[in-house]
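Inside the fold
So the chains spell out like this:
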Amino acid sequence: MKKIILKIFFILFIFVVSPVKAQAVQFNLLVLPTNLFSVCNNYFCFPEVSNTIADDVITNLNSFKGINAISLAQIRQELVNNDQIRQKTESVLNNFGKNDKIDFETLNEIAKYFKVKSVLLISSYAINDKTDLRRSLWEVLEVSSAFKVTYPFELKTSAILTDCVNNLVMWSGKYTKNVSDTFGYYSATNQTQAISQLEKIKQYSYSTISKNISQNVFMRFFPKDVRTFTVQSSENKENREPTPDKFVPNALEHLSDPHLLKEINSEPNGKFRDFSDDDYIYQF
């Protein structure tokens, strides 16, 4: 009898004293590229750049613990089943892709439909120094190949993470890539050369831009994440010994403050005109 009482007491002690394991925080995220509905509709039948980047970003985000990003295939399937939400999604992506405009009211409805609180918008287009006309990268490749245009073209990509509960921008980034070769050409006289151009963009998306976007999004959801880094000195780089990693608590905490409403309030309709000073502009 005494042994039974001790066992019962021991079991109760475990339940009462042992710490309760906290449930992990989970953030559900919707990634919307501006070319979401453009599936292989260009001359070369290549996926649009914003879709390629969005796919890679979703893969990276889903590799992080605590973040769940819906696949583009699932998003398209859901929109097929709801024509009203599809039309609203097309409208939001159109405004953002052409005018850098964020329609928070409509974006809220889309977020609620997909049961998320945050939406990551991604746009990508090509321009040159002769005009500000935004074109698809593959449209530019077709025109360049047909008319032997040798203007240097740039691929511009914008990513904006929005908080659909408070109607504000949590983070935004701009990226620029020169798509011309060493001699200023961007053309493809045959399918092999066109595929080569595609592979360059896929590699750029996979190894560079999608990783940067994903890491910045992760830091917005988990700003207290602590990282280590190597401190490098510009003096005697060739002869100096490698500097060991230094532990810096909350080294990235200064990046955690979200943008407030100054960009949104700058225009009555929520036009997002300029990126603020703490945005990141990368040249590759």
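Only a predicted model underlies this, so the values are computations on that prediction, with no experimental measurement involved. By convention here, each chain's residues receive numbers from 1 onward along its written sequence. Reporting of local features is limited, given that this is a predicted model, to residues whose pLDDT is at least 70; pairs of side-chain atoms are given and counted only at 80 or more, and all residues count toward the totals for whole chains, interfaces and linings. Note: side-chain values were computed over all heavy atoms of the structure, leaving out hydrogens and water.

Here we take up helix H6 (residues 137–147). Only protein chains enter the accessibility calculation, which uses a 1.4 Å probe; a residue is then buried when its area is under 20% of its type maximum, exposed when over 50%, and partly exposed in between. Each helix corresponds to a stretch of at least 4 residues labelled H or I by DSSP, and each strand to a stretch of at least 2 residues labelled E; elements are numbered beginning at the N terminus. Among the residues making up H6, those that are buried are Leu137, Trp138, Val140, Leu141, Ser144 and Ser145. Buried residues along H6 cover an arc of 155° about the axis, so they all sit on one side. For H6, exposure combined with an orientation more than 90 degrees from the buried face picks out Ala146 and Phe147. Arc definition: it is the arc formed by the directions from the helix axis to the C-beta atoms.

Backbone geometry at lysine 115 places phi at a positive 60°, although glycine is not the residue there. Non-glycine residue asparagine 167 carries a positive phi angle of around 55°. Along the chain, the position of asparagine 167 falls in the loop between strand S5 (153–163) and strand S6 (168–178). Take asparagine 167: its relative accessible area is 28%, and that puts it in the partly exposed class.

On to the nonpolar core, then. Core analysis: the biggest nonpolar cluster contains 62 residues, and Leu120, Trp138 and Ile213 have the highest contact counts within it. No other element matches helix H7 (residues 191–221), which puts nine residues into this core. Whether two residues are in contact is decided by their heavy atoms, any of which lying within 4.5 Å being enough. Beyond its immediate sequence surroundings of up to four residues, leucine 120 is in contact with Leu29, Leu30, Val31, Leu32, Val57, Ala159, Ile160, Leu161, Trp171, Ile213 and Val217. What makes a nonpolar core is a set of buried Ala, Val, Leu, Ile, Met, Phe, Trp, Tyr and Cys residues whose side-chain atoms join them at distances within 4.5 Å.

None of this, on its own, says anything about what the molecule does.
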